[in-house]
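This is what each chain is made of:
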Amino acid sequence: MSAKSDPPPLPDPLRVPVADSHTHLDMQEGTVEEALARAAAVGVTAVVQVGCDIKGSRWAAQTAADHDAVHAAVALHPNEAPRIVLGDPDGWSRQGAREGGGDSALDDALGEIDALAALPQVRAVGETGLDYYRTGPDGVAAQERSFRAHIEIAKRHDKALVIHDREAHADVLRILAEEGAPARTVFHCYSGDAEMAEICAAAGYYMSFAGNVTFKNAQPLRDALAVAPRELVLVETDAPFLTPVPYRGRPNAPYLIPVTLRAMAVVKGLDEDTLAAAVAANTAEAFGY
């Protein structure tokens, strides 16, 4: 049995190339070039590199400028907004311990995201949204203010909006409705049930499925995928997190997309090539490349 820290083997290549709609190359082992080469070898020919804070968003924009196969998304993660406003004494995020800067610090950070969102290689604003799993009630106001600002930025620059929604489905949907969602809105690592998938489909929101759709306890996710319209489905790794079965617990990377896509094809009752062709077209349309 392989050690938990060992990268999984390369899967059989896809015959129809696809994109990883959400990855964090800056949190993965090895170089960007190595990650892109492994991905391309199995038919994953493009990735969306997602920023979660100012530093990561700058890195995403620069990496996309340097590599044709990389498209950038820039944002303050929902957990980052309260840390900027209220402080982060434990240094949980990658910045280390921080003092709170209040609303003005959040405004400054949003201004930087706005500037990055204007760049041509930046295809999306995200991941933004709400996360009630890790941030308590004291952080909700900062999260919501940040989310509303990101929606406005995405619309003004005509970029896709990438949603992080953790244990906050009703409020995310409510705020999107109140603000008016951008023309292209993606629920990253879709985590709702089949009923919510029908609401998203009616609104024209894309649903991106990650490796957790393969987990044994994830039947509600598979039920959601089953009802999600083919033309609104994307695939992602969220690497290095959410590695698909049978490699759960080991490091994830864009080259493992074929494992998740094949599992999704079974749920959808489609052959692999048909789903891959749909996902490839959907991702290009969602992110405007």
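Bear in mind that the values here come from a model prediction, so they are computed numbers and not experimental data.

## Thoughts on the packing of aromatic side chains
Argument step 1. In total, this model carries 2 aromatic pairs according to the counting rule given.
Argument step 2. Considering the side-chain rings of Y190 and F209, the 5.5 Å spacing of their centres and the 45° angle between planes classify their relative orientation as tilted. Taken together, the residues span a long stretch of sequence, with Y190 in the loop between β8 (185-187) and α7 (194-203) and F209 in strand β9 (residues 206-209) at a distance of 19 residues. This pair shows no difference in class: Y190 is buried, exactly as F209 is.

## Re the sheet that holds strand β6 (residues 122-131)
Picture the strands of a sheet paired through backbone hydrogen bonds; they go either parallel or antiparallel.
Argument step 1. The parallel open sheet is built from 8 strands, whose spatial order is β1-β2-β3-β6-β7-β8-β9-β10. Here the strands that pair on one side only, and so sit at the sheet edges, are β1 (18-23) and β10 (233-235). Recorded for the sheet is a direction-independent mean angle of 30° between the axes of neighbouring strands.
Argument step 2. In this structure, β8 lies alongside β9, joined through 2 bridges in parallel fashion. Considered in β9, the bridge of V186 is made with Y206.
Argument step 3. Contacting β2 (44-50), β3 (70-74) and β6, helix α2 (residues 54-66) crosses the sheet at an angle of about 160° to β3.

## What to know about the packing of helix α5 (residues 140-157) against helix α6 (residues 169-179)
Argument step 1. At a minimum axis distance of 11 Å, the contact between α5 and α6 shows a crossing angle of 45°. Classified by the angle their axes make, α5 and α6 are oblique. Relative to α6, α5 is oriented so that their crossing is right-handed. Between α5, through E144, F147, R148, I151 and K155, and α6, the contact on the second element is made entirely by V172, R174, I175, L176, E178 and E179.

## Observations regarding the layout of surface pockets
Argument step 1. If you add up the space inside the largest pocket, you get close to 1,000 Å³.
Argument step 2. Along the walls of the largest pocket sit 33 residues, with D131, R134, H164, R166 and D238 positioned nearest its centre.
Argument step 3. Of all elements in the fold, only α3 (80-86), β6, β7 (160-166) and α8 (219-227) reach the threshold of two or more residues within the lining of the largest pocket.
Argument step 4. In terms of residue count, β7 provides more of the lining of the largest pocket than any other element does, 3 residues in total.
Argument step 5. Along the lines of polarity and charge, the residues of the lining of the largest pocket split into 10 nonpolar, 11 polar and 12 charged.

## Remarks on the confidence of the model for the chain
Argument step 1. Taken as a whole, the chain shows an average pLDDT of 96; of its residues, 99% reach a score of 70 or greater.
Argument step 2. Across the chain, the element-wise mean pLDDT spans from 84 in strand β5 (residues 98-99) up to 99 in β10.

## Regarding the nonpolar core
Argument step 1. Counting 73 residues, the largest nonpolar core has F147, L176, F187, Y190 and F209 as the members making the most contacts within it.
Argument step 2. Apart from the residues within four sequence positions on either side, F187 is in contact with I163, D165, V172, L173, L176, M196, C200, Y205, Y206, M207 and S208.
Argument step 3. Of all hydrophobic cores here, the second largest spans 12 residues; its members include V50, A160, A286 and F287.

## Considerations on the pattern of salt bridges
Argument step 1. Scanning the model with the defined rule gives 16 salt bridges in all.
Argument step 2. Linking E112 and R58 is a salt bridge whose minimum nitrogen-to-oxygen distance equals 2.7 Å. Within this pair, whereas E112 is found in helix α4 (residues 102-117), its partner R58 is found in helix α2, the two being separated by 54 residues in sequence.
Argument step 3. Accessibility expressed as a relative area gives 26% for E112, which makes it partly exposed.

## Here's the deal with the pairing of β1
Argument step 1. The buried count for β1 comes to 6 of 6 residues, which makes it a mostly enclosed element.
Argument step 2. Relative to β2, β1 runs parallel, the two being bridged by 4 bridges. Along β2, the bridge assignment pairs D20 with V47.
Argument step 3. One crossover worth recording links β1 to the parallel β2 by way of helix α1 (residues 32-41), and it is right-handed.

## Observations concerning the environment of G51
Argument step 1. Take G51: it is sitting in the loop between β2 and α2.
Argument step 2. Taking the C-alpha atoms as reference, G51 lies 12 Å from P78; in sequence the two are 27 residues apart.
Argument step 3. Setting aside anything within four residues of it in sequence, one finds G51 in contact with G56, S57, A60, A73, A75, G126 and E127.

## Concerning the packing of α7 against α8
Argument step 1. Running from amino to carboxyl end, α7 crosses α8 at an angle of 30°, the nearest separation of the two axes being 8 Å. Every pair of crossing elements has a handedness; the one defined by α7 and α8 is right-handed. Contacts from A194, A197 and E198 of α7 reach α8 at P220, D223, A224 and V227.
Argument step 2. Taken together, the residues that form the contact of α7 with α8 break down as 5 nonpolar, no polar and 2 charged.

What counts, and at which threshold
- Residues numbered from 1 in each chain as written.
- Predicted model: local features only at pLDDT ≥ 70, side-chain atom pairs only at ≥ 80, totals over all residues.
- Heavy atoms only, no water.
- Phe/Tyr/Trp six-rings, centres within 6.5 Å; stacked < 30°, edge-to-face > 60°.
- Helix = DSSP H or I, 4+ residues; strand = E, 2+ residues; numbered from the N terminus.
- Buried < 20%, exposed > 50% of the residue type's maximum accessible area, 1.4 Å probe, protein only.
- Pairing = 2+ DSSP bridges.
- Axes fitted to C-alpha atoms, helices over the stretch in contact; angles between N-to-C directions.
- Contact = heavy atoms within 4.5 Å.
- Parallel < 35°, antiparallel > 145°, perpendicular 65-115°, else oblique.
- Left-handed = near helix turned anticlockwise from the far one by under 90°.
- 1 Å grid on protein atoms, 1.4 Å probe; cavity = no way out; pocket = protein on both sides within 12 Å on 5 of 7 lines; lining within 4 Å.
- Points joined across faces, edges and corners; volume = space filled by probe spheres on them.
- Nonpolar A, V, L, I, M, F, W, Y, C, P; charged D, E, K, R; others polar.
- pLDDT = per-residue confidence, 0-100.
- Core = buried A, V, L, I, M, F, W, Y, C linked by side-chain atoms within 4.5 Å.
- Salt bridge = Lys/Arg side-chain N within 4 Å of Asp/Glu carboxyl O.
- Right-handed = clockwise from strand over helix to strand, strands pointing away.

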